[in-house]
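A closer look at the structure
Take a look at the letters that make up each chain.
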Amino acid sequence: MACPDMTIKTLTGRLLYLSFALCVVDCRPNVLFIVVDDLRPSLGCYGYPNVVTPNIDQLASHSMMFTNAFSQQALCGPSRTAFLLSRRPETTKKFDNVESYWRKFPGNFTTLPQHFKENGYHTVSVGKIFHPGSLSGRTDDYPYSWSEVPYHPSTEQFRDAKVCKGPGSELYCNIVCPVKVSEQPQGTLPDIQSAQYAMQFLRNRSQNGDKEQAPFFLAVGFHKPHIPLKYPEEYRKLYPLSEIHLAKDHTLPKGMPSVAWNPWEDLRRRDDVKRLNTSFPYGPVPKHFQLLMRQSYYAATTYMDDLLGQVLSTLDELGLANNTIISFIGDHGWSLGEHQEWSKFSNFEVAVRVPLIVYIPGQKEPSGKLFPYINPFDASSAEMQNSAVFSRKSIVTMTQKQMFNSAIQKDSIHVKATNALVELVDLFPTLSELAGLPVPQICPQNSSLISFCSEGVSFCPIIKNAWLSTMPNQVNWKTAVFSQYPRPSVEPQENSDQPHLKDIKIMGYSMRTPQYRYTEWVKYLKKRFVQDWSVVYARELYDHDTDPLEDNNLADDPRFSALVTMLSSLLRAGWRNALPHNKTVMLL
């Protein structure tokens, strides 16, 4: 039986379509699961200044965009383990990138792709999805999660090779590394190879008759803009250095506790950063080099956007877009000089807030195309980007609330955005519900012997509410979301950014509510994997209504003592207490 044509533009129509299609196995929706490494919301559709991301913006214009989405830890391995298992770091016991496989300890937990595989999907991993190495059993969790051996680009082996131009005729291992692709080992780059592999998979599906095969769950992981910022040099031309500015809050905040500081050791190991001779632990990085890093981060983001656009246009051209759910996420954020910090490794908003975009099939454009490829170098691309979503304004002059309202103002051109608080652990139950698969129930307190459960909750009610209602509206939803980060000491030291489990002595627990970010740094008993709330080394409190960049720590101000007491109680009550148990919140 052929799948029905999807032309209804409301979510009701889309979900009715999916419900009908699920009655016929061959019509179950495909899933394209896109994960981008170290991607903060430096995207046109999120209101960032002059960042050229026309293909992501085009995806957002047909999708649901979440402006308040957060990872559970600002480090690749723990974050990916958390959202692929829908269990938080406190449950997975994974706080670094080098510890053991979760199936050996703490439990043989079902993963997101495994759930789809066990329900008849052909699951494929391309690029970086699970964190490679010991955290995923040195197999990317194959064959549990994947129908095929996961694909890794052959040029990944050269990630930290000395291929970057610098002083003299020598080549270096730099953080700022625009390159000529033809001069690189094998004449290509990892993300180019991943995009090509994903597109070939889609073409093969089409040639073999997609409707006659099991639905696919295709996970594509792009490395950029993860450091080193190695990308084709032509993308840097889109960002003249004269138009790059420092982060608005590029100095050390006075009220920041020392335990909160990330000394960005991963940058200090690069040849070009070594030449700067910045003092440990606070630096700062010279202003001219700050601009170079910001320029290259944006250029690397546009490079990734270009490749993503090619994958999406292939999906569209092959007639697969109208039966494919697409989710687009960053695994965590990245600091670009805010608070005088670089990289991730913290609980600040800039480190844990991520882009999250979800496309639900069910609409056709007059042109017949949903995702035509947009070349970022075409003069028309910038115009299309501005008209397709909403004009980009400087992040340093816009609060998240203003950005959200900016998106809503363009609602007539399909943009749907929500400021609801969501977490990456919510993806597992959400995608399960959208695809009509069994939705995992909330895990009990001790879930070590339970393979299939979730520590997130499906945000389908948020999507339905946004598509079916006008703003403002009320919805029964979470009142807070949670992140955490470990430290080996109160004062910064060389392993403060990525302490191994054996060195962890402090855990920073952070809670984001609609108005506040509240964090406590407490004693952590690593052998028992428990916190000691009686020993608090530092507290942080930021009011996002007045201080969206988190520069003014109010925790020690006597005027806010009652608020600190209340937020501390909520933080310690944990994520279960913040779930939508008949709690109605206002969404702007």
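Residues numbered from 1 in each chain as written. Predicted model: local features only at pLDDT ≥ 70, side-chain atom pairs only at ≥ 80, totals over all residues. Heavy atoms only, no water.

Describing the packing of helix 2 (residues 54-61) against helix 9 (residues 287-317)
Note the cut-off: To obtain each axis, a line is fitted to C-alpha atoms, and for helices this fit is confined to the stretch in contact; angles are then taken between N-to-C directions over 0 to 180 degrees. Only DSSP runs of H or I reaching four residues or more are called helices, and only runs of E reaching two or more are called strands; each is numbered from the N terminus. When an angle is under 35 degrees it counts as roughly parallel; over 145 it counts as roughly antiparallel; between 65 and 115 it counts as roughly perpendicular; any other value is oblique. When checking whether two residues touch, look at their non-hydrogen atoms; a contact exists if any pair is within 4.5 Å.
The geometry of helix 2 relative to helix 9 is characterised by a closest axis approach of 7 Å and an angle of 50 degrees between their N-to-C directions. On the basis of the axis angle, helix 2 is oblique to helix 9. On the side of helix 2, the interface is formed by P54, N55, I56 and L59, while helix 9 contributes M304, D305, D306, L308, G309 and L312.

Considerations on the packing of helix 6 (residues 190-207) against helix 9
In plain terms, the rule: Three classes are used, and their members are as follows: Ala, Val, Leu, Ile, Met, Phe, Trp, Tyr, Cys and Pro are nonpolar, Asp, Glu, Lys and Arg are charged, and the others, Gly among them, are polar.
Orientation of helix 6 relative to helix 9, taken along the N-to-C sense of each, is 5 degrees, at an axis distance of 9 Å. Here helix 9 runs roughly parallel to helix 6, going by the angle between their axes. Only Y303, L307, Q310, V311, T314 and L315 of helix 9 make contact with helix 6, whose side of the interface consists of D191, I192, A195, A198, M199, L202 and R203. Per-class residue counts for the contact of helix 6 with helix 9 are 9 nonpolar, 2 polar and 2 charged.

Comments concerning unusual backbone geometry
Here the residue pair F105 and P106 is connected by a cis peptide bond, since its omega of 15 degrees sits within 30 degrees of zero. Assignment of secondary structure puts P106 in the loop between helix 4 (89-92) and helix 5 (112-118). Cis peptide bonds are those with omega within 30 degrees of zero, and the linkage from G283 to P284 qualifies with 0 degrees. Among the structural elements, P284 can be located in the loop between helix 8 (271-274) and helix 9. Backbone geometry places D38, a non-glycine residue, at a positive phi of 60 degrees. The backbone of K93 shows a phi angle near 65 degrees, a positive value even though the residue is not glycine. Counting through the fold element by element, K93 comes out in the loop between helix 4 and helix 5.

Digging into the sheet that holds strand 18 (residues 516-525)
What counts, and what does not: Strands pair, by our definition, only if DSSP identifies at least two bridges between them.
Sheet architecture is open: 4 strands sit in the order 16-17-18-19, paired in antiparallel fashion. Only two strands of the sheet have a single partner each, and these edge strands are strand 16 (481-487) and strand 19 (530-543). Going across the sheet, the axis of each strand differs from the next one's by a mean of 20 degrees, ignoring polarity. As judged from the 7 bridges shared by strand 17 (residues 506-512) and strand 18, these two strands associate in the antiparallel manner. Across the sheet, the residue bridging to G508 is W521, located in strand 18. With respect to the sheet, helix 15 (residues 561-573) is in contact with strand 16, strand 17, strand 18 and strand 19, its orientation differing from that of strand 18 by roughly 60 degrees.

Some details on the confidence of the model for the chain
This is how the line gets drawn: Residue-level confidence of the predictor is what pLDDT reports, using numbers from 0 through 100.
Residues with a pLDDT of 70 or more make up 86% of the chain, whose mean pLDDT is 89. Across residues 1-12, where pLDDT falls below 50, the model places 40 contacts with residues more than four positions away in sequence or in other chains. Note that residues 403-413 has pLDDT below 50 and, in this model, 27 contacts with residues that lie over four places away or in other chains.

Some remarks on the state of the cysteines
Quick reminder of the rule: Two cysteine sulfurs form a disulfide in these notes if their separation is within 2.5 Å. Relative accessibility thresholds used throughout: buried, under 20% of the residue-type maximum; exposed, over 50%; partly exposed, between the two (1.4 Å probe, protein chains only).
A full pass over the atoms with the stated rule returns 2 disulfides. Each sulfur in the disulfide pair C164 and C177 lies 2.2 Å from the other. Here C164 and C177 share a disulfide; its torsion about the S-S bond, -100 degrees, makes the bridge left-handed. One end of the pair, C164, is in strand 4 (residues 164-165); the other, C177, is in strand 6 (residues 176-179), and 13 residues separate them in sequence. Paired by a disulfide, C443 and C453 hold their sulfur atoms 1.9 Å apart. Handedness here is read from the sign of the S-S torsion; for C443 and C453, about 95 degrees, the answer is right-handed. Here C443 is found in the loop between helix 13 (427-435) and helix 14 (460-468), whereas its partner C453 is found in the loop between helix 13 and helix 14, with 10 residues between them in sequence. Pair check on accessibility: C443 and C453 agree, each one buried. What connects to what in the chain, once the bonded cysteines are numbered by sequence position, is 1-2, 3-4.

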